[in-house]
Structures are given as structure tokens and as C-alpha cells.
Amino acid sequence: MNKTAQIKKNHQFIVFRKLVIVSVLIGFLSAFLGISLKKITEYYEEIFFHEVTVHPVFFVVFPVFGLSVIYFLRQYLFKKKENKGIKEVFESTTSGSKNLPSYKIPSHFINGLLTVIFGGSTGIEVSTVVATATIGSVAQQKENVFRKYKTELICAGVAAGITALFSSPVAGILFAVEVISRKVTRAFIITNVIAVSIAFGLLSILKEEPLFTVSITTWHLKAIPYFILLGILAGINSVYLTRCVLFFKSQFGKIQTHYYKILLGSVILSVSLFVFPQLYGEGYHAIKMIFGSSGELPLTITLALTLTGILILKPIVTSVTLASGGDGGVFAPSLFIGGFLGLLLSSVLNTFFNTQVIPVNFMIIGMAAVLSASIHAPFTAIFLVCGLTNDYTLFLPILAVCLISKYTAKMIYPYTVYTYSPSLIK
């Protein structure tokens, strides 16, 4: 009996040791991929955005060129295999036989990069999530002993990728729990904690700075009613974003010739970008510019119309980008919409009601609130946005507003773009 117990104990130790090793490997590769994609995208997006501001003709050229290149890559390099985004990850974790094929790594890396730098109004987050999930999926196929830890290893890759993008290990793990796994096992804790630790360690070695440099001083109790209003508005805006994505995917899906999709999508995208250059790519450049001015912008008619136009058009151009073949998701658009929603609300409150609220606070809380409502993952949104700014001063109001926005959105429309039935989309 003792001998059997000892053999079992030795086997468990061997499995544990292998899980640790593979988690380190997944964490490093996923973080390296995430950091590389982020750096390359930032570099070329800045160059291309400068070009369109100097030569507006590129507002027309870039979208059609980028979407066309992505189409031809899918057709000839990736053998007509379509990218379905995070839904592919769900399908893999819920199926014992369906795995994420290795071509998903270069496919999402390249297509996500091309989409954003050529003006597609989305972000690289979902491309990173699927590519890093594939790293975990490929790793679990290498040894039979890993097969039963398939979900845990996929989540380890995803968690490390999110950590690399947003400098928040907690957000990485919470996203893996709230969105992908929906359950926590002992193997999940081991693999994911190791993976995000490696990812965060790599960030520290490379001295990665937070995405947004912003000064947050304090927040006031008198702003609570306005925070509640922001949460409700964020929930409504997130539903608008979700419904736009589903609607345009459905409508574009009826177009048989793919190049007609590209042309139609490019026209809508080009006109929108020409009118509102802030919609170009991820849109983080616009948020950084406002943070640079501390959000203290007097509410003129021009500014009010600009902010309103951006909030109306952003979900549309994001949806069109994805429906016409671009690679991405609702992560960056949610942050962008939330930032501009917070700015508009704070400007209205200060101009017409003399509330003296702090615009930067509303922008940051708005970013977390719309993301929370869009993906139904409030705790991911909280730590992700705090990681973006490397500041936890607003933790409590962000927590409250994220919960309000999520449940507001669920009351209006119970689905996200991830949970809506694919059979109803196509």
C-alpha cells in the first residue's frame, strides 16, 4: 500500500514539475509576443498616423490597402482559414478534440498589426489573446500528461499576454477567469500565477512604462452621484457597441464577394477617419493628447459636436473594420469610448452645472466602466485600467462604476460579442 502511495506521489511530483516548466515557457513566449506586437504596432501606427495628417489622401489609401493585404494573406498564406477571434478560444476550451492550430500565432500577429497601423479602428488586444491562447494550446498538445490541463494552459498564455499589454498581472489572471475559464482549479492557479509572474518579470527587465502617463490626485464623495450617472451611460454605450458589431457582421455577411466588403468598409472608414482623425487605429494617441492637457478643455459647441460624433461613430467604424476583414475586437474601442464619454460628461457637468468634477478621473473611470460592460468582466476592467495608469487612487469609484455599468448593460442586452450565439450572427 505504501509503495502504491509513493508511486502516486512521485507521479504527481513529476506532473507538477512539468506543469511548472511548461508554464514558465508559455509565460515567456506569450509575454514576448505581446510586448513585440505592442511595440511594433505603436511604432508604425505613429509613423502612418503622421503621414495621414500631413497627406490626407492616405485616409483613403491606407484602409483599402490594409484590408486588401489582410484578405490576400488569409487567402494565400493562411489557406483561406478565417479568424473568428476569442470565439475560437471558447470553442477550444469547451471541446476535448478541437485545438487552436499553430498558424493562429502568425496569423493574428500579422493581421492584428496590419489592421491597426493602416487605420482600422480597433486594437491588438484580441489578436494578442488568440495568439497567446494558441501558444498554450500548442504546448498542451506536446505531452499526453498536459491534455487534461488544456484550459489551464490556454488561460496561462492569455493571462501572460494581457499582462504584457497592460502591465497588470492581476488583470491577466482575472480576464482568464472571468472571460475564458469561468472556474478556478489548483492547476489553474499554478500555471497562471507562474505565467503572469514571468510576463511581469520580463516587463520589469525591459522597464516598460505604463501606457498612459497621468496624474491622479484624489476624488471627492460629492462626485458619487455623477459617477453613478457615468456607470449607467457607460452601460448604454457598451450595448450600442455590442449591437453595432453584431449588426454589421450580419449585414456584411450577406455580401458574397469579399472585395465588395473591403471596398464598402474602406469607404466608411476613410470618410470617418477624415472627419474624425481621433478614430484612427487604437485611438490611444487621442486619449494621450487629452491626458496631456489634464482633460481641462472648455466645452465649446465644436468640442461638444466632436465628442458626440466620436461616441456615435466609434462603434460603427470598429464594427465595419471587423466586418470587412480586419483583425481585432472591442477591448481598445471600449477604452476609447469610455475615455471620451467621461470627458464629455465631465465637461457638461462643469460647464452647465458648475460641479467642479475632475475630468481626468471621469475619463479613467469611464474607460474601465465601458470595458466592464462590454465584456461583462468588471474585475478585469478595474485592474486593467489601474495597470494602464499605474495608479490605484480611483480603485473604489472604479469598482462601483464597473459593477453599475455591467449590470446596466446586462439589463438592456444580456449578451456580449463573445457570448452571442454564432448561429445568430452568420
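All values reported here derive from a predicted model rather than from experimental measurement.

1. So, the overall build of the chain
Working step 1: The number of helices and strands found in the chain is 17 helices and zero strands.
Working step 2: Since a compact globule built from 426 residues should have a radius of gyration of about 22 Å, the 22 Å found for the chain is in line with a globular shape.
Working step 3: In terms of overall dimensions, the chain has a C-alpha envelope of 80 × 55 × 40 Å along the principal axes.
Working step 4: A separation of at least 24 residues holds for 82% of the contacts in the chain among residues at least 6 apart in sequence.
Working step 5: The centroid of the 33 positive side-chain charges in the chain is displaced by 14 Å from the centroid of its 17 negative side-chain charges.

2. A short note on helix H16 (residues 395-412)
Working step 1: Taking 1.5 Å of rise per residue, the 18 residues of H16 would be expected to cover 26 Å, and the 26 Å separating its terminal C-alpha atoms lies within 8% of that figure.
Working step 2: When we look at burial in H16, the residues that qualify are Pro397, Ile398, Val401, Cys402, Ser405, Lys406, Thr408 and Ala409. Buried residues of H16, viewed axially, fall in a sector of 165°; they line one side. Seen from the buried face of H16, the exposed residues on the opposite side, beyond 90 degrees, are Leu396 and Met411.
Working step 3: For H16, the secondary structure elements touched by its buried residues are helix H9 (224-253), helix H14 (359-375) and helix H15 (378-389).

3. Side note on H14
Working step 1: Along its 17 residues, H14 runs 25 Å from first to last C-alpha, staying within 8% of the 24 Å computed at 1.5 Å per residue.
Working step 2: Among the 17 residues in H14, 17 count as buried, and that is most of the element.
Working step 3: Where H14 terminates, the next one or two residues include His376, which has phi positive at roughly 55°.

4. Comments concerning the pattern of salt bridges
Side-chain pairing between opposite charges can occur once the charged atoms of the two side chains come close.
Working step 1: If you walk through the whole model with that rule in mind, you get five salt bridges.
Working step 2: For the salt bridge of Arg74 with Asp327, the shortest nitrogen-to-oxygen distance reads 3.6 Å. Pair noted here: Arg74 is in helix H2 (residues 58-77) and Asp327 is in the loop between helix H12 (301-323) and helix H13 (331-353), with a separation of 253 residues, a long-range link. The same class applies to Arg74 and to Asp327, which are both buried.
Working step 3: Because the salt bridges share partners, they merge into one network encompassing Lys38, Lys39 and Glu208.

5. Topic: unusual backbone geometry
Working step 1: Non-glycine residue Ser167 carries a positive phi angle of around 55°.
Working step 2: Of note, Ser167 is situated in the loop between helix H6 (150-166) and helix H7 (169-181).
Working step 3: Notably, Lys207 is not glycine yet its phi reads approximately 55°, a positive angle.
Working step 4: Note on placement: Lys207 falls in the loop between helix H8 (186-205) and H9.
Working step 5: By relative accessible area, which is 64% here, Lys207 ends up exposed.

6. Brief notes about the packing of aromatic side chains
Working step 1: Under the definition given, this model contains 28 aromatic pairs.
Working step 2: Judged by centre distance (5.4 Å) and plane angle (65°), the ring pair of Tyr71 and Phe72 falls under edge-to-face.
Working step 3: Clustering of aromatic rings is evident, with ring pairs tying together Tyr43, Tyr44, Phe48, Phe58, Phe62, Phe65 and Phe118.
Working step 4: Positioned over the ring face of Phe336 is Lys314, at 4.6 Å from the centre of the ring.

7. Things to note about the environment of Tyr280
Working step 1: Checked against the element boundaries, Tyr280 lands in the loop between helix H10 (258-275) and helix H11 (284-292).
Working step 2: Here Tyr280 falls in the buried class, since its relative accessible area comes to 1%.
Working step 3: In this structure, the C-alpha to C-alpha distance between Tyr280 and Val158, residues 122 residues apart in sequence, is 26 Å.
Working step 4: Residue contacts for Tyr280: discarding those within four places in its chain leaves Glu45, Phe48, Phe49, Val52, Phe59, Phe62, Val116, Ile117, Phe118, Gly119, Leu273 and His285.

8. Some points on the side chain of Thr408
Working step 1: For Thr408, the location among the structural elements is in helix H16.
Working step 2: Beyond its immediate stretch of four places on either side in the chain, Thr408 contacts Gly231, Ile232, Gly235 and Ile236.

9. Quick look at the packing of H7 against H15
Working step 1: At a closest axis distance of 8 Å, the pairing of H7 and H15 adopts a crossing angle of 165°. With respect to H15, the element H7 is oriented roughly antiparallel. Of the two possible hands of crossing, H7 and H15 adopt the one that is left-handed. Each of Val170, Ala171, Leu174, Phe175 and Glu178 in H7 lies in contact with H15, whose residues at this interface are Pro378, Phe379, Thr380, Phe383 and Leu384.
Working step 2: Looking at side-chain class alone, the contact of H7 with H15 contains eight nonpolar, one polar and one charged residues.

10. Some words on the nonpolar core
Working step 1: Counting 126 residues, the largest nonpolar core has Phe175, Leu384 and Tyr418 as its most contacted members.
Working step 2: Domain assignment of the residues forming this core places at least three in each of domain 1 (3-206) and domain 2 (221-412).
Working step 3: Counting residues in each nonpolar core, the second largest holds six residues, with Leu246, Ala373, Tyr413 and Tyr420 among its members.

11. What to know about the packing of H15 against H16
Working step 1: The N-to-C vectors of H15 and H16 enclose an angle of 145°; their axes lie 9 Å apart at closest approach. For the element pair H15 and H16, the recorded crossing hand is right-handed. Facing H15, whose interface residues are Pro378, Phe379, Ala381, Ile382, Phe383 and Cys386, H16 presents Phe395, Ile398, Leu399, Cys402, Leu403 and Lys406.
Working step 2: Class assignment of the residues belonging to the contact of H15 with H16 gives a composition of eleven nonpolar, no polar and one charged.

12. Here's the deal with a nonpolar patch on the surface
Working step 1: Taken together, the side chains of Leu221, Ile224, Ile228, Ile232, Ile236, Met411 and Ile412 define a hydrophobic patch exposed on the protein surface, amounting to about 690 Å² of accessible area.
Working step 2: Listing elements by their share of the nonpolar patch, those giving two or more residues are H9 and H16.
Working step 3: The element best represented in the nonpolar patch is H9, accounting for four residues.
Working step 4: Given the relative accessible area of 39%, Ile228 is considered partly exposed.

Criteria and thresholds
- Residues numbered from 1 in each chain as written.
- Predicted model: local features only at pLDDT ≥ 70, side-chain atom pairs only at ≥ 80, totals over all residues.
- Heavy atoms only, no water.
- Helix = DSSP H or I, 4+ residues; strand = E, 2+ residues; numbered from the N terminus.
- Rg over C-alpha atoms; globule rule 2.2 N^0.38 Å.
- Contact = heavy atoms within 4.5 Å.
- Lys, Arg positive; Asp, Glu negative; His and termini not counted.
- Charge placed at Lys NZ, Arg CZ, Asp CG, Glu CD.
- Expected span 1.5 Å × (residues − 1).
- Buried < 20%, exposed > 50% of the residue type's maximum accessible area, 1.4 Å probe, protein only.
- Arc of directions from axis to C-beta.
- Salt bridge = Lys/Arg side-chain N within 4 Å of Asp/Glu carboxyl O.
- Phe/Tyr/Trp six-rings, centres within 6.5 Å; stacked < 30°, edge-to-face > 60°.
- Lys NZ or Arg CZ within 6 Å of the ring centre and 35° of its normal.
- Axes fitted to C-alpha atoms, helices over the stretch in contact; angles between N-to-C directions.
- Parallel < 35°, antiparallel > 145°, perpendicular 65-115°, else oblique.
- Left-handed = near helix turned anticlockwise from the far one by under 90°.
- Nonpolar A, V, L, I, M, F, W, Y, C, P; charged D, E, K, R; others polar.
- Core = buried A, V, L, I, M, F, W, Y, C linked by side-chain atoms within 4.5 Å.
- Domains from an automatic or database assignment.
- Patch = residues over 30% accessible without salt bridge, like charges linked within 9 Å, V, L, I, M, F, W, Y side chains within 5 Å.
- Areas by Shrake-Rupley, 256 points an atom, 1.4 Å probe, with all protein chains shown as cover.

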